[in-house]
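Next come the chains, spelled out residue by residue.
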Amino acid sequence: MRHLSSLGCALALIPVAAFSQQKPANYDESAIPPYSLPELLKSDSGNPVTTAQEWTALRRPQVLALFQKHVFGKTPANWGKVVYETLSVKTDALDGKAIRKIVRISLADYPHWPGLELMLHLPKNTQKPVPCFVGTSFGGNEAVTPDTDIPLSARWMRPGKENGVVDNRSTEKSRGTEKDRWQLALAVSEGFAVATYYCGDVEPDHAEGWKTGLRGFLSKDGAGTEWKEGDWGAIGAWAWGLSRIADFLTTEAGVDAKKLAVVGHSRLGKTSLWAGAQDPRFGVVISNNSGEGGAAIMRRNIGETTAVITKAFPHWFTKTYSNYSHNEAACPVDSHMLVALAAPRSVYIASAEEDRWADPKGEFLAGLHAQPVFTLFGKKGYGVNEQPAPNAPTGDTIRYHIRTGKHDITRYDWEQYLPFARLQFGS
Ligand code: GCU
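Report on the accompanying structure.

With mixed pairing, the 10 strands of this open sheet are ordered in space as β3-β4-β5-β7-β6-β8-β9-β10-β12-β11. With partners counted over all chains shown, the strands left at the sheet margins are β3 (82-92) and β11 (394-395), one partner each. Pairing between strand β5 (residues 116-123) and strand β7 (residues 193-198): 3 bridges, direction antiparallel. Along β7, the bridge assignment pairs L120 with A195.

In structure tokens form, the structure reads like this:
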């Protein structure tokens, strides 16, 4: 076990409004108890893993199984026949710069599940199939695009500060509320397609959401089944949706499905990491401010903790994960191992300076401590051991930046991800 000492930089204890009934969150680096990260390059039986081949054949499956058992649960392997239905094609989306397709992806054997509505924006007049970003959104498709002609989603929505949701449903005011988070015009102008879907199409984001979501429908006896230890959670279900989009993209002539980047912000950044860990078709894996349960090292106990997240959002994870509340040292994994599951593919981890709840330093450290696995493949990581200054991205196959500003995914973030993906894909 490698020993990591806690670092200086004392900051005050700051209560977080949303959790003010709980103990104030710790933001004091000097209050982190010494911790050891679980060994990446040692097999379950204690043997050292010294080659890329041993990692791929032996250790990687073990680490993946540990995340299934202890954190996200296991994604079921069989859901039967998948049906694609094109709902609309618009040839002058985004001020005439893009083709927009909306395609329903549903399951023939589970007709009660209404399916997910994939929205694909393709650049116009391209000479060859283009690389594609794939991600899930917090609101319906109408929230993602500045175009105003999308039918409003009828699905359950979480109310938010400025998302126009009333009685858990989208309204006209929901239109475009996520458009700054999805820099569609920029991506399209840079020659990328962007495929998105609303996470609530797969499972509404609340503790009982599985009852009307895909997990309920796929459970052996349908909705009403209590989720057991090791069964998948909502993050697993949302990640499943991202992989179904990857399936669809192999049938889409405009997209080069060998060049897919999975992207997500916050809870959906946890989702993109888990999707990237499970599905090697995502050649680039992007974690934007994913925090606890995502890129942040759980053992640091800065900002959000395992105890807080499993209490506030129990449905995101497999039940077993809550066993590590106030007991992180007992968890056989930490987030550096989640990042390592993407190796030798490319990973971009991004933090925001004011997003202390997500523990920017802990997010940085996950990429740093995943490096030994990438080294086995001859891939370079950050190239530095200390967190860089704000707005100064660093790294090669594993790259990192901390942006000035708050918890969000912004144009600045996309301006880093697009060239990163282009470089990794060589296109
Ligand atoms: C909450 C939660 C985080 C999550 C975030 C989000 O703040 O505590 O874990 O990442 O919501 O998804 O916006």
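On to the environment of V308. Its place among the elements puts V308 in helix α9 (residues 306-312). Spatially, the C-alpha atom of V308 lies 24 Å from that of A277, the residues being 31 residues apart in sequence.

This part is about the site of the ligand. Looking at the ligand, the residues that line it are F138, S266, R267, K270, E304, I309, F313, W316, W357 and H407. A distance of 2.9 Å separates an oxygen atom of the ligand from a polar side-chain atom of K270. With respect to the ligand, the side chain of E304 contributes an N or O atom lying 2.6 Å from an oxygen atom. Protein contact buries 84% of the 320 Å² of open area that the ligand shows by itself. Residue classes in the shell around the ligand are distributed as 5 nonpolar, 2 polar and 3 charged.

Put simply, helix α1 (residues 52-72) and helix α8 (residues 267-278) touch, their axes get as near as 11 Å, and they point 145° apart. Like other packed secondary-structure pairs, α1 and α8 cross with a definite hand, here left-handed. Counting all contacts with α1, which are made through R60, L64, F67, Q68 and F72, the residues of α8 involved are W274, A277 and Q278. Residue classes in the contact of α1 with α8 are distributed as 5 nonpolar, 2 polar and 1 charged.

Attention now moves to the pairing of strand β4 (residues 98-107). Of all 10 residues that make up β4, 8 are buried, and the element is covered over most of its length. Taken together, the 8 bridges between β4 and β5 define a ladder with antiparallel strand orientation. Bridging across to β5, A98 finds its partner in P123.

This part covers the environment of P24. Tracing the chain through its elements places P24 in the loop between β1 (2-4) and β2 (35-37). Each C-alpha atom, one on P24 and one on G303, is 8.9 Å from the other, the two residues being 279 residues apart in sequence.

Turning our attention to empty space enclosed by the protein. Evaluated as defined, the whole model comprises 2 cavities of 30 Å³ or more. Taken as a whole, the largest cavity holds about 90 Å³ of empty space. Around the largest cavity, the lining residues are F67, V71, F72, G293, G294, A296, M298, Y321, V333, D334, S335 and L338. Within the residue set of the lining of the largest cavity, elements represented by two or more residues are α1 and α10 (335-340). Of all the elements, α1 adds the most residues to the lining of the largest cavity, at 3 residues. Classifying every residue of the lining of the largest cavity by side-chain character gives 8 nonpolar, 3 polar and 1 charged. Here the second largest cavity defines a volume of roughly 70 Å³. Forming the walls of the second largest cavity are T136, F138, E178, R181, W182, V263, G264, H265, L268 and I409.

Definitions and limits used
- Residues numbered from 1 in each chain as written.
- Predicted model: local features only at pLDDT ≥ 70, side-chain atom pairs only at ≥ 80, totals over all residues.
- Heavy atoms only, no water.
- Pairing = 2+ DSSP bridges.
- Helix = DSSP H or I, 4+ residues; strand = E, 2+ residues; numbered from the N terminus.
- Near = heavy atom within 4 Å.
- Polar contact = N/O pair within 3.5 Å; in protein donor to acceptor, adjacent residues only side chain to side chain.
- Areas by Shrake-Rupley, 256 points an atom, 1.4 Å probe, with all protein chains shown as cover.
- Nonpolar A, V, L, I, M, F, W, Y, C, P; charged D, E, K, R; others polar.
- Axes fitted to C-alpha atoms, helices over the stretch in contact; angles between N-to-C directions.
- Left-handed = near helix turned anticlockwise from the far one by under 90°.
- Contact = heavy atoms within 4.5 Å.
- Buried < 20%, exposed > 50% of the residue type's maximum accessible area, 1.4 Å probe, protein only.
- 1 Å grid on protein atoms, 1.4 Å probe; cavity = no way out; pocket = protein on both sides within 12 Å on 5 of 7 lines; lining within 4 Å.
- Points joined across faces, edges and corners; volume = space filled by probe spheres on them.

Remember that the coordinates give geometry; whether it matters functionally is a separate question.
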